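Residues per chain, in single letters:
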Amino acid sequence: MKNKFLSIVCIAASFPSLAIAAESNLNKADTVFMLINTILVLFMTIPGIALFYGGLLRSKNVLSLMSQVIVSFSLVCVLWIIYGYSMTFEIGNSFWGGFGQVMLKNISITDLTGNFYQLIHVVFQGAFACITVALVVGALCERIRFSALLIFSVLWLTVSYIPMAHMVWGGGWLAQDGALDFAGGTVVHINAAAAGLVGAYLLGKRSGFGREAFKPHNLPMTFIGTAILYIGWFGFNVGSAGEVNAISALALVNTVAATAGAVLSWVFCEWLFRQKPSLLGACSGCISGLVVITPAAATVGIGGALVMGLIAGIAGLWGVVILKKWLRVDDVCDVFGVHGVCGIIGCLLTSIFTASALGGTGFAEGMTMLRQLGIQAISILVCIVWSSIAAYISFKIADKLVGLRINLESEREGLDITSHGESAYN
């Protein structure tokens, strides 16, 4: 018995030395850096997306939107831990990763990704998955059935977000071809926008759309959501560098420059053509600039980022005013008009302003601007087609199982009361 006790003591005593060996490359500054950025990205969805979208809706539907955001967020968190992270970042084929880290098995608490703990990487990347699903909600709100949204979230995360993330960030097909997407131009924004557009078409227009004025019920709420998204976006872009270095500093400045340019170009264009600069326009311009710089933050120069932002403000305004009418779709929170249009422009302009002659960091060896532009165009096309097909299948399955849209009477009364039994304002 005494010998057994001594053996246990010896084994326990060996744990610190094993941990020291595993953590020999740990950089505490980078670890803190990634912890902060991870929290910022989580903060973007709750409360950022919830407040931004919530303010844009009619008062009778604001709580339903917030419920959809926080529950889908939690659902994606669980799925990401169970299989999402493994299928995205484990070694697999060109489209999916493997199953070696299902339920995060084989990941020790001392394992590292770069210079920081891998478990932080798990949550950081999971936050990207959460906000992507939450973005889709903005195109579907005010008439989608709550249970249908949850079914869609499970299916679409599995068959669209995970493979796209693996193809771009997990060493899959598009990464091997040399596609540039630093923080989610295709994986997050175009992916979500395509799915939202398909869902909006399948759901149909809200009752009274085109005949009644559907005005935002609380623009101060939208402004607060915008401010949270803006600050959180630094976690999105700067954190994607993975450590404190020159790239993280460049991403920081580029994010500021592009966003400021987009706010100004949107507001002044709106001022010119509509005679009044609006707060909603400024908020939308802010999001447009953040979206356009997302794929390019680490590779374009500061001047290029500013130009991209100026273009994004104009393009985003065109997307929500003109393109939306051409598409004849009820995309409630203009997910495609802002995230889709500016995401596409951002991915394409990345291939131009990355050129060292234009102030960028330069292309990979053997890569030319024209070839990079072609690769970027292919990645955009793959993302739109893949996400659209996956969304169509996911929505159809949800419709078959529970019905996609609530009934007309419930829609007119509002989802807050009919779906959740509560009201935001008494």
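Residues numbered from 1 in each chain as written. Predicted model: local features only at pLDDT ≥ 70, side-chain atom pairs only at ≥ 80, totals over all residues. Heavy atoms only, no water.

J.: Honestly, the overall build of the protein in this entry has me stumped. Any pointers?
T.: The helix and strand tally for the protein stands at 15 helices and two strands. Its C-alpha atoms put the protein at 85 × 55 × 35 Å along the principal axes. Out of the 426 residues in the protein, the part that is buried amounts to 53%. Across the protein, every contact between residues at least 6 apart in sequence was considered, and the portion connecting residues at least 24 apart equals 78%. As displayed, the protein has an accessible area near 17700 Å², and 69% of this comes from carbon and sulfur atoms. Positive and negative charge centroids in the protein, built from 22 and 20 side chains respectively, lie 7 Å apart. (Helix = DSSP H or I, 4+ residues; strand = E, 2+ residues; numbered from the N terminus. Buried < 20%, exposed > 50% of the residue type's maximum accessible area, 1.4 Å probe, protein only. Contact = heavy atoms within 4.5 Å. Areas by Shrake-Rupley, 256 points an atom, 1.4 Å probe, with all protein chains shown as cover. Lys, Arg positive; Asp, Glu negative; His and termini not counted. Charge placed at Lys NZ, Arg CZ, Asp CG, Glu CD.)

J.: How should unusual backbone geometry be read in this particular structure?
T.: The bulk of non-glycine residues show a negative phi, and the bulk of peptide bonds are trans. A cis amide bond links isoleucine 46 to the next residue, proline 47, at an omega of 15°. Residue placement: proline 47 occurs in helix 2 (residues 28-56). Notably, methionine 103 is not glycine yet its phi reads approximately 55°, a positive angle. Counting through the fold element by element, methionine 103 comes out in the loop between helix 3 (62-89) and strand 1 (112-113). Since its relative accessible area comes to 53%, methionine 103 is described here as exposed. Even without being glycine, arginine 328 reaches a positive phi, approximately 55°. Residue position: arginine 328 is located in the loop between helix 11 (302-327) and helix 12 (335-353).

J.: Help me understand the side chain of asparagine 237 in this model?
T.: Tracing the backbone shows asparagine 237 in helix 8 (residues 219-238). Asparagine 237 gets classed as buried once you look at its relative accessible area, which sits at 0%. At 3.0 Å, the side chain of asparagine 237 and the side chain of threonine 255 are in polar contact. (Polar contact = N/O pair within 3.5 Å; in protein donor to acceptor, adjacent residues only side chain to side chain.)

J.: I keep staring at the pattern of salt bridges and nothing clicks. Help me out?
T.: Once their charged atoms are close, side chains differing in charge can pair, the charge on each being opposite to the other. By the definition in use, this model includes five salt bridges. Between glutamate 142 and arginine 206 there is a salt bridge, with its nearest N and O atoms 2.5 Å apart. Remark: arginine 206 occurs in the loop between helix 7 (185-203) and helix 8 and glutamate 142 occurs in the loop between helix 4 (118-140) and helix 5 (146-169); sequence separation between them is 64 residues. By relative accessible area, arginine 206 is classed as buried at 8%. What emerges from the salt-bridge pattern is a single network uniting Arg58, Glu142, Arg206 and Asp330. (Salt bridge = Lys/Arg side-chain N within 4 Å of Asp/Glu carboxyl O.)

J.: For this particular structure, what's the right way to read helix 4?
T.: Owing to its 3.6 residues per turn, the α-helix aligns residues three or four sequence positions apart on the same side. The end-to-end C-alpha separation of helix 4 is 35 Å, in line with the 33 Å expected for 23 residues at 1.5 Å each. Burial of helix 4 is extensive: 21 of the 23 residues sit out of reach of the surface. (Expected span 1.5 Å × (residues − 1).)

J.: What is the right way to read the confidence of the model for the protein from this model?
T.: Considering every residue of the protein, the mean pLDDT works out to 93; 95% of them sit at 70 or more. Across residues 1-21, where pLDDT falls below 50, the model places one contact with residues more than four positions away in sequence or in other chains. (pLDDT = per-residue confidence, 0-100.)

J.: Hey, could you run me through the packing of aromatic side chains in this one?
T.: Any two aromatic rings considered together are summarised by their centre-to-centre distance and by the angle between their planes. Taken as a whole and judged by the stated rule, the model has 17 aromatic pairs. Ring centres of phenylalanine 209 and phenylalanine 214 lie 6.4 Å apart, and the angle between their planes is 55°; on these two criteria the pair is classed as tilted. The class for phenylalanine 209 is partly exposed, based on a relative accessible area of 27%. Note that arginine 58 overlies the ring of phenylalanine 214, its terminal NZ or CZ placed 4.0 Å from the centroid. (Phe/Tyr/Trp six-rings, centres within 6.5 Å; stacked < 30°, edge-to-face > 60°. Lys NZ or Arg CZ within 6 Å of the ring centre and 35° of its normal.)

J.: Explain a nonpolar patch on the surface here, please?
T.: Side chains of Leu202, Leu381, Val385, Ile389, Tyr392, Ile393, Ile397, Leu401 and Val402 sit close together on the surface and give an oily, nonpolar patch of about 790 Å² of accessible area. Considering every element that reaches the nonpolar patch, the biggest residue donor is helix 13 (residues 369-402), with eight residues. Inspection of the secondary structure assignment puts tyrosine 392 in helix 13. (Patch = residues over 30% accessible without salt bridge, like charges linked within 9 Å, V, L, I, M, F, W, Y side chains within 5 Å.)

J.: In this structure, what is going on with the nonpolar core? I would like to understand it.
T.: Generally speaking, nonpolar side chains in soluble globular proteins are found buried as a group. Within the largest apolar cluster, 115 residues are counted, with the highest numbers of intra-cluster contacts made by Tyr53, Trp156, Tyr161 and Ile293. Broken down by element, this core gets its largest block of residues, 15 residues, from helix 4. Among all residues touching tryptophan 156, those that are not within four sequence positions of it are Thr132, Val133, Val136, Tyr161, Asn191, Ala192, Ala195, Ser387, Ala390, Ala391 and Ser394. Counting residues in hydrophobic clusters, the runner-up holds five residues, among them Leu51, Val62, Leu63 and Ile228. (Core = buried A, V, L, I, M, F, W, Y, C linked by side-chain atoms within 4.5 Å.)

J.: Looking at this structure, I do not really get helix 9 (residues 246-274). What am I missing?
T.: Its 29 residues give helix 9 an end-to-end C-alpha distance of 42 Å, which sits within 8% of 42 Å, the value for a rise of 1.5 Å per residue. Its side-chain oxygen placed 3.1 Å from the backbone nitrogen of isoleucine 247, asparagine 245 serves as the N-cap of helix 9. Immediately downstream of helix 9, the backbone of glutamine 275 shows phi near 70°, a positive value.

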